[in-house]
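# Secondary and tertiary structure notes
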Amino acid sequence: MHDTLVLPTQLTAIDDARRWTSDHAHGAQFDPTAIAEVEVAMTEALSNVIVHSYDEQPGEQLLLSLDIDDDRLALGIRDRGRPFDPAQYRAPDLDEPAEGGYGVHLIEALMDEVTRRPLADGGTLVLLVRYRSNDGRDRS
Amino acid sequence: MDHEIETQDGIKIVHLSGPLDVSQALALRELLGAQIDGPGARVLIDLSGVPLIDSSGIGVMVSAHRRADGVGGGAAFALAGAGATVARVFALTRTDRLLRLYDSVPDGVEALRVAS
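In this report, the structure presented in the accompanying data block is examined. Just so we're clear, the structure is a prediction, and the values are computed from it rather than from any experiment. (Residues numbered from 1 in each chain as written. Chains lettered and ligands numbered in written order. Predicted model: local features only at pLDDT ≥ 70, side-chain atom pairs only at ≥ 80, totals over all residues.)

Turning next to the overall build of chain B. Counting its regular elements, chain B contains 4 helices and 5 strands. Along chain B, helices and strands appear, N-terminal first, in the series β-β-α-β-α-β-α-β-α. Over its C-alpha atoms chain B spans a radius of gyration of 13 Å, differing by no more than 12% from the 13 Å that the globule rule assigns to 116 residues. Dimensions of chain B, computed from the C-alpha atoms along their principal axes, are close to 30 × 25 × 25 Å. Out of the 116 residues in chain B, the part that is buried amounts to 47%. The long-range share in chain B, meaning contacts at least 24 apart out of those at least 6 apart in sequence, stands at 75%. (Helix = DSSP H or I, 4+ residues; strand = E, 2+ residues; numbered from the N terminus. Rg over C-alpha atoms; globule rule 2.2 N^0.38 Å. Buried ≥ 20, exposed ≤ 12 C-beta atoms within 10 Å, placed from the backbone. Contact = placed C-beta atoms within 7 Å.)

All right, on to the interface of chain A and chain B then. Taken together, the contacts link 22 residues of chain A with 21 residues of chain B. For the side of chain A that touches chain B, the secondary structure elements donating two or more residues are α1 (14-27), α2 (32-53) and α3 (103-110) of chain A.

Here the focus is the packing of helix α1 (residues 25-35) of chain B against helix α2 (residues 55-70) of chain B. All names here are of chain B. Relative orientation of the contacting elements α1 and α2 amounts to 20°, with a least axis distance of 10 Å. Looking at the two axes, α1 sits roughly parallel to α2. Crossing of α1 over α2 shows right-handed handedness. Contacts from Ala-25, Leu-28, Arg-29, Leu-32 and Gly-33 of α1 reach α2 at Ser-56, Gly-57, Val-60, Ser-63, Ala-64 and Arg-67. (Axes fitted to C-alpha atoms, helices over the stretch in contact; angles between N-to-C directions. Parallel < 35°, antiparallel > 145°, perpendicular 65-115°, else oblique. Left-handed = near helix turned anticlockwise from the far one by under 90°.)

Following this line, the structure appears as structure tokens:
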């Protein structure tokens, strides 16, 4: 299946995106554990974009794409906000529990592939992929 | 996020329901902060109705844990009933090593009762 969703740059809209993804994934018989983990990862990815690329300013739009086939689920998030700067990213020190800062770590731990690439229009595409063969039971 | 609060043997049990994500973090922080209201406060968070927690929600729980530790005389803060996905997020962030997590609300109540 393939579908797209236009999402406003508001944190309260993330719930709509989760429901949209979950409904399609359940309909495509994706593993329920994997779906729940994809929901966590997409929550982190969307909140990162809305908070860091748009400074939580409403009125802009994100374009989400969802593709689910026999092998995998692929969620694309296109934005035209300020690009993510990898040089500014600091991985969390997991030996020192913190009051935040785990977003990118969780995305990478819960998804099988995470790619981020600039688009010709100046925007950014973040692609999150989870394979059906990974139902979550063997991941550490 | 919705919540209900009940008191059992002096232990405040906060039953949460719905996703604990960035859009709920401020309300959650205020809710938990209001429960950890002084020395001897014992607060148990029931996560059995929470399908999802994100980095922001984890941060609020770590903050509440530290707030309880910092209360003069010591307050107690614990969580119970996390489902598989929520437990996995605690594990992936290794905050399960800091937070007091119990399998069920009765287990958590018993632990806080013994600790009093």
